[in-house]
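Report on the structure
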Amino acid sequence: MTQSDIDPPEEIPTRVTNALEGSSDSQLREIIHYAQQLLHEHPPLTDAIESREGEVLVRTEDSGAYTIVVMERPEETGEARGPFAYRVNWEPAVDDGGKYRWHYLGRVYGSTGGD
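Computed from a predicted model, the values in this text were never measured in an experiment.

It is worth spelling out the nonpolar core at this point. I49, V69, M71, F84, Y86 and V88 form the largest nonpolar core, which has six residues in total. Broken down by secondary-structure element, the contributors of at least two residues to this core are β2 (67–72) and β3 (84–91). Considering each element in turn, this core owes the most residues, three residues, to β3. Apart from the residues within four sequence positions on either side, M71 is in contact with E50, S51, R52, E55, V56, L57, V58, P83, F84, Y86 and W102.

Here's what the structure looks like:
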């Protein structure tokens, strides 16, 4: 196979992109099929997200590649109580399966339970 002019996503390890670029068309089709099967085995992200210690899950909103999660801290008072929004996504790892990555977005205001 010839060298590709397509820039691979930064999130994909170099050894994976090298293996993909060196694959034949039939191998790439099999890889796609395998990857789709793996995706279907993962529960929807909204089903897998649970409250963390000291927090209560208020709501989730599926946005495809990530989920918006709103949490409150019922033991806290004032602004420390929340609610707070997070973007949560699954980050696969080549060797150990992967993990959920939580990105803090900020305090939620308005009709969701905030000020």
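Strand order in the open sheet made by the four strands is β1-β2-β3-β4, with antiparallel pairing throughout. Lying at the two open borders of the sheet, with one neighbouring strand each, are β1 (56–62) and β4 (99–107). Across this sheet, the average inter-strand angle for adjacent strands is 25°, counted without regard to direction. As paired elements, β3 and β4 share eight bridges and run antiparallel to each other. For R87, the partnering residue across the bridge sits in β4 and is H103.

Take E55: it is sitting in the loop between α3 (45–48) and β1. With relative accessibility at 10%, the residue E55 sits in the buried group. For E55, the side chain forms a polar contact with the side chain of R73, separated by 3.3 Å. Dropping the residues within four chain positions of it, E55 is found in contact with M71, E72, R73, P74 and Y86.

Bringing the pairing of β3 into the picture now. With five bridges connecting them, β2 and β3 associate as antiparallel partners. The partner of T67 across the bridge, within β3, is V88.

What counts and what doesn't
Residues numbered from 1 in each chain as written. Predicted model: local features only at pLDDT ≥ 70, side-chain atom pairs only at ≥ 80, totals over all residues. Heavy atoms only, no water. Core = buried A, V, L, I, M, F, W, Y, C linked by side-chain atoms within 4.5 Å. Buried < 20%, exposed > 50% of the residue type's maximum accessible area, 1.4 Å probe, protein only. Helix = DSSP H or I, 4+ residues; strand = E, 2+ residues; numbered from the N terminus. Contact = heavy atoms within 4.5 Å. Pairing = 2+ DSSP bridges. Axes fitted to C-alpha atoms, helices over the stretch in contact; angles between N-to-C directions. Polar contact = N/O pair within 3.5 Å; in protein donor to acceptor, adjacent residues only side chain to side chain.

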